[in-house]
Amino acid sequence: MGRCRAAKSRIRAKTILLGVALATAVAGTAHAADQILLRAREGAAAMLRGQYDRAVVLYDEALNTPDVSKFVQASIYSDRGVAKWRMKKTKEAIDDFNESIQLAPDNAIVYNNRGNALMDLGHPDEAIKDFDRAIALEPAYGAAFNNRGNAYASLQNYDAAFQSFRKATALLSRTAAPYNGRGRAHVERERYHAAVRDLSRAIKLDPKLAAAYRNRAAANFALGHYAEAADDATQALDLEPEHDKAALLMLRARSYAAQNSFREGVADFDKVLDIEPENADAFMERGELLAQNKRNDAAIKDFNKVLELQPKNARAYARRGETKLYDRKADEGYVDVNIALILKPDDPLALRIRGDIFQAQKRTENAIADYQKALTLDPFQEESRAALERLRAPVPVDTRKPLGAAVAGWVINEKAPGRYVATNPDYRGVTVDMEMFGAGKPKILAWDKLKGAQSGIGLLKYYAGTAKGEGAFEYVAVVDTKKRSVLSIEPERWGDKSATWTWQTASLSVTDPDGNVSDVALQPQRTQRAPVARRAATTAAASSGLRNSSRSARHPENAADAAGAETTILSGGCSADG
C-alpha cells in the first residue's frame with residue numbers, strides 16, 4: 001500500500017534582539033562617542049519597525065566610528081547579525097555572531113542567536129553546542145532550552161527534545177511554544193494523551209498558535225477522537241490556510257470518514273486530490289468511504305485509480321473485491337481478493353474479506369478457515385471474531401504471551417514492536433495504550449473501580465518506565481467502564497514525587513509533579529449529589545518539581561524566541577504496507 005504522506009516541516013523558534021541592551025551598554029560607557037550612541041539607538045528603533053536593511057546601515061556607521069570599545073563592538077556585531085538574519089542573510093549573520101563572540105565570549109544571547117542561525121542552515125548538531133553554551137552561561141535561559149528542544153527534535157531525538165522543552169516550560173510558563181514542543185515530542189513517542197494535555201495548554205496560552213492545533217489534530221486522531229481532530233484541523237486551516245494544506249485536509253477527511261460523515265469526508269478527499277492529483281492514499285480512502293455508503297461504482301473507480309498508480313497494492317484489490325461483493329458480484333470479488341492474497345499471502349484484511357465472500361457463496365467451512373487464520377494473524381481484528389461467533393465456530397486460542405500475570409483480568413500484550421496495550425475480557429472493546437515515559441516495559445500495578453459519584457469509572461494503574469535521575473514513573477488510565485472508553489492517561493508518581501488528584505462529581509483535576517494542571521471530564525452518574533473533593537488514596541501532596549520562573553527584562557528576545565514555533569503535521573491512517 002501507499003506510503004504515509006505526512007507533510008513535515010522543521011520546527012523553528014526565532015529570536016529577536018532589539019538592540020536595547022546595546023543602547024544601554026553604550027550609554028554607560030564613559031569613552032563612547034555620542035555618535036555611536038545615536039546610531040545604536042537608531043538601529044534599535046529600525047529593528048523595532050522591521051527596517052532591517054536600515055538597521056544594518058546604522059550599525060555599519062557605528063562600527064566605523066573611531067575608538068569603539070571591544071564590548072561595544074561585540075554588542076553591535078550581535079545586533080547587526082540579528083538584522084542580517086532577519087534579511088535571510090544567514091551566513092553573513094553567523095559571521096557577525098562569530099565576531100561578537102571573539103570580542104565578548106561570555107554573552108549567552110549571542111550563542112543562542114548563532115544556534116538559531118545554524119538551525120536555519122541545517123546544522124542542528126552545531127546548533128545544540130551553541131544552545132548548550134548559552135545555557136551554561138545562563139542556566140535560567142528559557143529561550144535557549146526551547147531552541148535546543150527544537151534542535152533535538154530536528155534530529156528525531158525526541159526524548160532529549162522533551163527534556164529541553166520541559167525545562168523551558170518551567171522557565172517560560174506563560175509561553176505557548178515550549179508546551180507545543182513538548183506536545184510534538186509526545187506525539188512522536190506515541191504518548192497521545194500526554195500530547196493532548198500539553199497542546200491544550202499551548203492553545204490556552206496562545207489561541208492563535210496554528211502549530212499547536214496541527215499537532216493536537218494528529219494526537220486526537222490517533223486517540224480516535226475524530227470530531228476533535230476535525231475541529232483542530234479546521235482551526236489550523238483557518239489560521240494558516242496554506243501551511244501543510246494537503247496534509248491537514250487529508251487528516252480532516254480521515255476524521256470525517258471515521259465518523260462516516262460522508263459529504264464532508266468526500267469533499268475533503270476531493271480537495272486533497274485537487275492539490276495532489278496522484279495521491280494514492282486519498283483515492284484509496286475516498287473509495288473506502290464511498291463503498292461504505294453504497295456508492296459502489298464510484299468506489300470501484302477509485303480503487304482502479306489506486307491500481308493504476310500502484311499495480312501491486314494488495315489493499316486496493318481486497319477492497320475492490322469487497323465492493324464487488326456489496327454489489328452482488330461475489331464471484332468477481334473472489335478473483336480480486338485472491339490476487340490480493342497472492343501479493344500478500346498472510347494479509348488479515350484480505351482473508352477476512354474472502355471469508356465474507358465465501359459466506360455469500362455458501363462455502364461456510366472455507367469462510368470459517370479464513371476468519372480463523374485472519375484472527376490468528378491479527379488477534380485485534382474484531383470483524384473476524386464477530387463472524388466466527390455468529391457462525392458458532394471455534395475462535396482461535398490467543399497464542400500471544402501476555403507481559404506479566406493478569407491483574408483483575410487486565411493483561412498487557414505487545415501490539416507492535418515497542419507498543420503495548422492492556423485489555424480485559426470483562427471490558428471488551430476497551431484497549432488501553434500503555435504510554436511509556438522511561439526505559440523498561442509496562443506492568444499493571446492495580447485496578448480500582450470507583451463507587452458513589454464516580455461509579456462507572458475505573459482506574460488502571462501501571463508502571464510506565466524508569467528515567468535516570470527521576471526514578472520510576474507510574475501512570476493511571478481513567479476508564480469509563482460503561483461507555484467502554486479510555487478518558488485519559490494521567491500521571492500518578494514520578495520517582496518520589498506524587499501528582500495530586502482532586503475529584504468532583506463530573507470532573508477530575510490532576511496536578512503533575514511539575515505543577516501543570518489538567519482536567520478530565522467525567523460522565524456524572526449521580527447528578528443530584530453536590531461536588532465532592534477528595535484525593536486519590538495513593539497520592540500525596542504534589543511536590544514542587546521544576547519551579548516556574550521568568551526571564552529578566554534585560555533579555556527582551558525570550559518571548560519572541562519561543563512564540564514563533566512551527567511544527568510537523570502528522571497524517572494518520574497509513575497504508576498497512578506503508
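Peer 1: Could you clarify how one ought to interpret the packing of helix α7 (residues 124-137) against helix α8 (residues 142-154) in this entry?
Peer 2: When two helices pack together, their arrangement is given by the angle between the helix axes and by the axis-to-axis distance. Look at α7 against α8: their axes get within 9 Å of each other, and the N-to-C directions meet at 160 degrees. Compared by their axis directions, α7 and α8 come out roughly antiparallel. Our pair here, α7 against α8, has a crossing hand that is left-handed. For the pair α7 and α8, contact is made by Pro 124, Ile 128, Phe 131, Asp 132, Ala 134 and Ile 135 and by Ala 144, Phe 145, Asn 147, Arg 148, Ala 151, Tyr 152 and Ser 154, respectively. Counted by class, the contact of α7 with α8 contains nine nonpolar, two polar and two charged residues.

Peer 1: Whenever I open this one, the pairing of strand β1 (residues 411-416) confuses me. Can you help?
Peer 2: Within a regular strand, side chains alternate between the sheet's two faces. Pairing of β1 with strand β2 (residues 419-423) involves five bridges; the strand directions are antiparallel. Bridge pairing in β2 places Ala 416 opposite Arg 419. The loop that links β1 with its antiparallel partner β2 comprises two residues; one of these, Gly 418, has a positive phi angle of about 80 degrees.

Peer 1: Is there a simple way to think about helix α22 (residues 382-390) in this case?
Peer 2: Every α-helix winds through 3.6 residues per turn, so residues three or four apart in the chain are directed the same way. Those residues of α22 that fall on the buried side of the exposure criterion are Ser 384, Ala 387 and Leu 388. Considered in projection along α22, the buried side chains sweep an arc of 100 degrees and stay on one side of the axis. In this fold, the buried residues of α22 make contact with α20 (348-360) and α21 (364-377). Residue Arg 392 follows α22 closely and has a positive phi angle near 55 degrees.

Peer 1: I tried to follow the sheet that holds strand β4 (residues 443-449) on my own but got confused; where do I start?
Peer 2: Backbone-to-backbone hydrogen bonds pair the strands of a sheet. The strands run either parallel or antiparallel. Read from one edge to the other, the open sheet built from five strands follows the order β4-β5-β6-β7-β8, with strand pairing classed as antiparallel. Lying at the two open borders of the sheet, with one neighbouring strand each, are β4 and β8 (497-498). Taken together, the eight bridges between strand β6 (residues 471-480) and strand β7 (residues 485-494) define a ladder with antiparallel strand orientation. Along β7, the bridge assignment pairs Val 478 with Ser 488.

Peer 1: Explain the pairing of strand β10 (residues 507-511) here, please?
Peer 2: Burial within β10 is extensive, with four of its five residues counted as buried. Following strand β9 (residues 500-503), the chain reverses through three residues before pairing antiparallel with β10. Two strands pair when backbone bridges link them, and β10 and strand β11 (residues 517-521) are joined in this way by five bridges, in the antiparallel orientation. Along β11, the bridge assignment pairs Ser 509 with Asp 519.

How each quantity is defined
- Residues numbered from 1 in each chain as written.
- Predicted model: local features only at pLDDT ≥ 70, side-chain atom pairs only at ≥ 80, totals over all residues.
- Heavy atoms only, no water.
- Axes fitted to C-alpha atoms, helices over the stretch in contact; angles between N-to-C directions.
- Helix = DSSP H or I, 4+ residues; strand = E, 2+ residues; numbered from the N terminus.
- Parallel < 35°, antiparallel > 145°, perpendicular 65-115°, else oblique.
- Left-handed = near helix turned anticlockwise from the far one by under 90°.
- Contact = heavy atoms within 4.5 Å.
- Nonpolar A, V, L, I, M, F, W, Y, C, P; charged D, E, K, R; others polar.
- Pairing = 2+ DSSP bridges.
- Buried < 20%, exposed > 50% of the residue type's maximum accessible area, 1.4 Å probe, protein only.
- Arc of directions from axis to C-beta.

The values are spatial; any link to function lies outside them.
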